[in-house]
Amino acid sequence: MVFEFGLRGRSRRAGRDDFRCERTASGQFRGRPDKRRSGWMAIAVTLTLGAIAAVAAPPAVAQSQLSCQADPAEARQKETLRQAIVAGDASVVADYQNLVRKHAREQAECRQGSWPRDRAIWLNLYRCDANFGEIDALFDRIANDGYSQVYLATLANGQVLLPGDDNPTPWPSVARSPATESIDLLANAITAGRARGIEVHAWMFALNFGYAYSQREDRQQALARNGRGQTSLDRAVADTNAADGIFVDPYSPTVRRDYYTLLEAVLDRDPTGVVFDYIRYPRLSSADSVADEVRDLWVYGPASRAALLDRADNPTRRSQLETYLDTGRAPVITVTPPPQPKPEEDDAAVRPAPAPTPTPAPQTISLRDEFWEFSTDFAAQGVVDFLDYVAAPVRAERRDVGAAFFPRGNRAIGRGFDSRLQRWDDFSSSIVWHPMLYGGCNGTDCILDDLDRVLAAAPRGATVIPALAGAWSETSQGRHPPLELQMQAIASRARSGSRGANVNIDAVSHFSFGWQNPELERQRQFCQL
């Protein structure tokens with residue numbers, strides 16, 4: 001049994017089989033390629049899998065303060081219809097579909113005349129979302145709240161959002177139990193978003209591959225290592241769960257092959273685009289948050305080290321660079337200044353003989369600054385090159401490509417640099433910039449300071465979508481002001497145009513669905529299947 005909308009549109013991925021949401025003999029739904037509609041998209045109501053949800057359905061009343069929200073009474077009616085379908089009443093499917101379509105059409109028209117035109121929310125899915133009707137409930141709620149885009153965690157915390165029985169990657173699937181391994185959460189979410197006029201972008205960690213990857217015996221050479229022989233698992237990572245903040249070597253061919261395999265599988269599900277995150281090295285704590293000597297750099301993995309040494313322009317410089325990496329001591333060279341030039345013969349005939357000039361004394365010069373700059377540039381360029389590599393297949397399919405970054409991740413600090421070495425100002429202007437304005441100053445001044453820093457560096461024509469952290473009407477984690485205050489500040493900056501005149505801010509994203517709905521997030525993480 002297949003519940004479908006009658007809307008159809010040509011697939012963006014040429015030659016791609018389309019997905020249907022089919023009910024199995026056990027009463028579950030699963031996403032499978034629809035061979036009969038190759039080249040055409042059947043937009044399904046993704047009543048996705050499993051027994052009736054063990055957790056209570058979320059209220060349908062919109063709680064955000066964005067414009068273009070669904071009418072509260074109609075939102076409640078839509079939720080009532082969805083619950084009836086979950087309970088087995090197929091007679092109301094058409095009514096539910098019609099209301100979903102109506103809201104999608106009305107909200108799209110509303111957003112054309114409001115700011116921001118595009119508003120996105122960052123969303124994680126869990127194995128509990130395989131329960132029948134849960135993805136529809138989530139996307140109904142997101143649509144009701146006025147959001148038009150979802151950045152969906154597709155590679156995050158060391159897991160991928162591919163079905164367990166169709167996962168060609170080295171990462172474990174979010175849904176991998178016998179009851180859920182055939183469920184394609186990513187495809188179902190994309191379909192649910194499209195039915196509601198919501199663009200779904202795959203949000204993918206880039207150089208943070210996660211704990212499970214780091215435990216594979218065949219991937220040890222792919223991990224990033226510093227000059228003390230440590231991986232990021234050995235260090236206290238300040239900005240993520242240490243068990244999942246495992247970074248890899250951006251120069252590793254194995255890393256690139258694994259990621260490309262994942263990208264192919266993700267793009268087969270037809271997302272609107274991809275937003276890459278963790279395009280950097282780890283941020284360490286305390287004094288280690290500043291990289292100020294070569295052994296602090298994550299360039300000691302086999303691939304990075306070999307590539308760095310290969311950039312030496314002659315055997316002598318290669319040997320010096322190798323010693324520098326091994327010992328941390330830069331070479332010192334002796335230079336003898338050139339002698340004073342002799343006078344021209346014509347001048348010598350009319351001038352008295354000059355006094356003898358003493359031979360210049362040899363000088364010793366340390367190459368510390370030169371080698372340090374060479375090594376840090378190499379490390380930072382590895383991050384930028386990796387982004388270009390993973391963006392290429394997405395861009396080739398004419399999908400949106402974005403990169404999330406911390407505006408202060410590229411700072412020079414004393415004689416060193418922020419340990420993340422995230423030179424986002426070198427990111428391509430063809431990539432959408434997502435500055436994470438997560439400054440925790442209990443106000444908006446630091447948020448605007450970081451935004452101004454980005455706008456000043458953005459080239460003309462670049463697209464900048466600020467990412468704000470927090471929840472509506474309350475301070476989050478004791479330091480993030482309510483989202484409405486942050487939105488007002490961003491809107492004021494967007495209207496003034498006094499700074500960053502090269503960029504027009506017409507979109508904003510909110511991190512995250514879980515922060516706005518913490519109790520529901522916990523229920524979804526720990527439900528019983």
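Model, not experiment: these values are computed from the prediction.

### Brief notes about the environment of Cys-110
Its place among the elements puts Cys-110 in helix α2 (residues 93–111). Look at Cys-110 and you get partly exposed, because its relative accessible area is 33%. Counting along the chain gives 36 residues from Cys-110 to Gly-146, while the straight-line C-alpha distance between them is 9.7 Å.

### Brief notes about the nonpolar core
One finds Phe-139, Met-204, Tyr-259 and Phe-276 to be the most contacted residues of the largest nonpolar core, which totals 127 residues. Broken down by element, the residue count for this core peaks at 11 residues, all from helix α10 (residues 368–396). Excluding its chain neighbours within four sequence positions, the residues that come into contact with Tyr-259 are Leu-155, Trp-171, Met-204, Phe-205, Ala-206, Phe-209, Phe-276, Phe-386 and Val-390. The next biggest cluster of nonpolar side chains, apart from the first, holds 7 residues, and it includes Ile-85, Val-92, Val-93 and Leu-99.

### Observations concerning the sheet that holds strand β10 (residues 290–291)
Reading across from one edge, β10-β15-β14 is the order of the 3 strands in this open sheet, with antiparallel pairing throughout. Looking along the sheet, the strands with just one partner apiece sit at the ends: β10 and β14 (412–413). Two elements, β10 and strand β15 (residues 416–418), share 2 bridges in a ladder whose sense is antiparallel. Bridge assignment links Ala-291 to a residue of β15, and that residue is Phe-417.

### Notes on the packing of helix α6 (residues 253–267) against α10
Packing of α6 against α10 leaves a shortest axis separation of 10 Å and a crossing angle of 30°. Our classification of the angle between α6 and α10 gives roughly parallel. The crossing of α6 and α10 is right-handed. Of α10, the residues touching α6 (which contributes Val-255, Arg-256, Tyr-259, Tyr-260, Leu-263 and Leu-267) are Asp-385, Phe-386, Tyr-389, Val-390, Pro-393 and Val-394. Broken down by class, the residue content of the contact of α6 with α10 amounts to 10 nonpolar, no polar and 2 charged.

### Re the state of the cysteines
This structure, assessed with the given rule, holds 3 disulfides. Disulfide partner of Cys-68: Cys-110, at an S-S distance of 2.0 Å. Of note, the bridge from Cys-68 to Cys-110 carries an S-S torsion of about -80° and is left-handed in sense. Here Cys-68 is found in the loop between β4 (40–44) and α1 (72–86), whereas its partner Cys-110 is found in helix α2, with 42 residues between them in sequence. Between the sulfur atoms of Cys-441 and its disulfide partner Cys-446 the distance amounts to 2.0 Å. The sign of the -85° torsion about the S-S bond sets the Cys-441-Cys-446 disulfide as left-handed. The class for Cys-441 is partly exposed, based on a relative accessible area of 36%. Taking only the cysteines that form disulfides and numbering them from first to last, the protein has the pattern 1-2, 3-6, 4-5.

### Quick word on the pattern of salt bridges
Enumeration over the complete set of coordinates arrives at 32 salt bridges. In this structure, Asp-258 and Arg-219 form a salt bridge, with 2.7 Å as the shortest nitrogen-oxygen distance. One end of the pair, Asp-258, is in helix α6; the other, Arg-219, is in the loop between α5 (211–214) and α6, with 39 residues separating them in the sequence. We classify Asp-258 as buried; its relative accessible area is 8%. In this structure, Asp-418 engages Arg-411 in a salt bridge whose closest nitrogen and oxygen atoms are separated by 3.5 Å. Bridged by salt links that share partners, the residues Arg-194, Asp-270, Glu-397 and Arg-399 form one connected network.

### Some points on the environment of Arg-524
Within the element layout of this structure, Arg-524 appears in helix α14 (residues 518–525). Among the residues examined, Arg-524 registers a relative accessible area of 1% and is labelled buried. C-alpha separation for the pair Arg-524 and Ala-130, spaced 394 residues apart in sequence, amounts to 10.0 Å. Not counting residues within four places of it along the chain, the set of residues in contact with Arg-524 comprises Leu-123, Asn-124, Leu-125, Tyr-126, Cys-128, Asp-129, Leu-138 and Phe-513. Within the local environment of Arg-524, its side chain forms a polar contact with the side chain of Asp-129, the two groups lying 2.7 Å apart. Here Glu-521 takes part through its side chain, which lies 2.8 Å from a polar atom of the side chain of Arg-524.

Reading guide: rules and limits
Residues numbered from 1 in each chain as written. Predicted model: local features only at pLDDT ≥ 70, side-chain atom pairs only at ≥ 80, totals over all residues. Heavy atoms only, no water. Helix = DSSP H or I, 4+ residues; strand = E, 2+ residues; numbered from the N terminus. Buried < 20%, exposed > 50% of the residue type's maximum accessible area, 1.4 Å probe, protein only. Core = buried A, V, L, I, M, F, W, Y, C linked by side-chain atoms within 4.5 Å. Contact = heavy atoms within 4.5 Å. Pairing = 2+ DSSP bridges. Axes fitted to C-alpha atoms, helices over the stretch in contact; angles between N-to-C directions. Parallel < 35°, antiparallel > 145°, perpendicular 65-115°, else oblique. Left-handed = near helix turned anticlockwise from the far one by under 90°. Nonpolar A, V, L, I, M, F, W, Y, C, P; charged D, E, K, R; others polar. Disulfide = S-S within 2.5 Å. Salt bridge = Lys/Arg side-chain N within 4 Å of Asp/Glu carboxyl O. Polar contact = N/O pair within 3.5 Å; in protein donor to acceptor, adjacent residues only side chain to side chain.

These results come straight from atomic positions and should not be treated as a statement about function.
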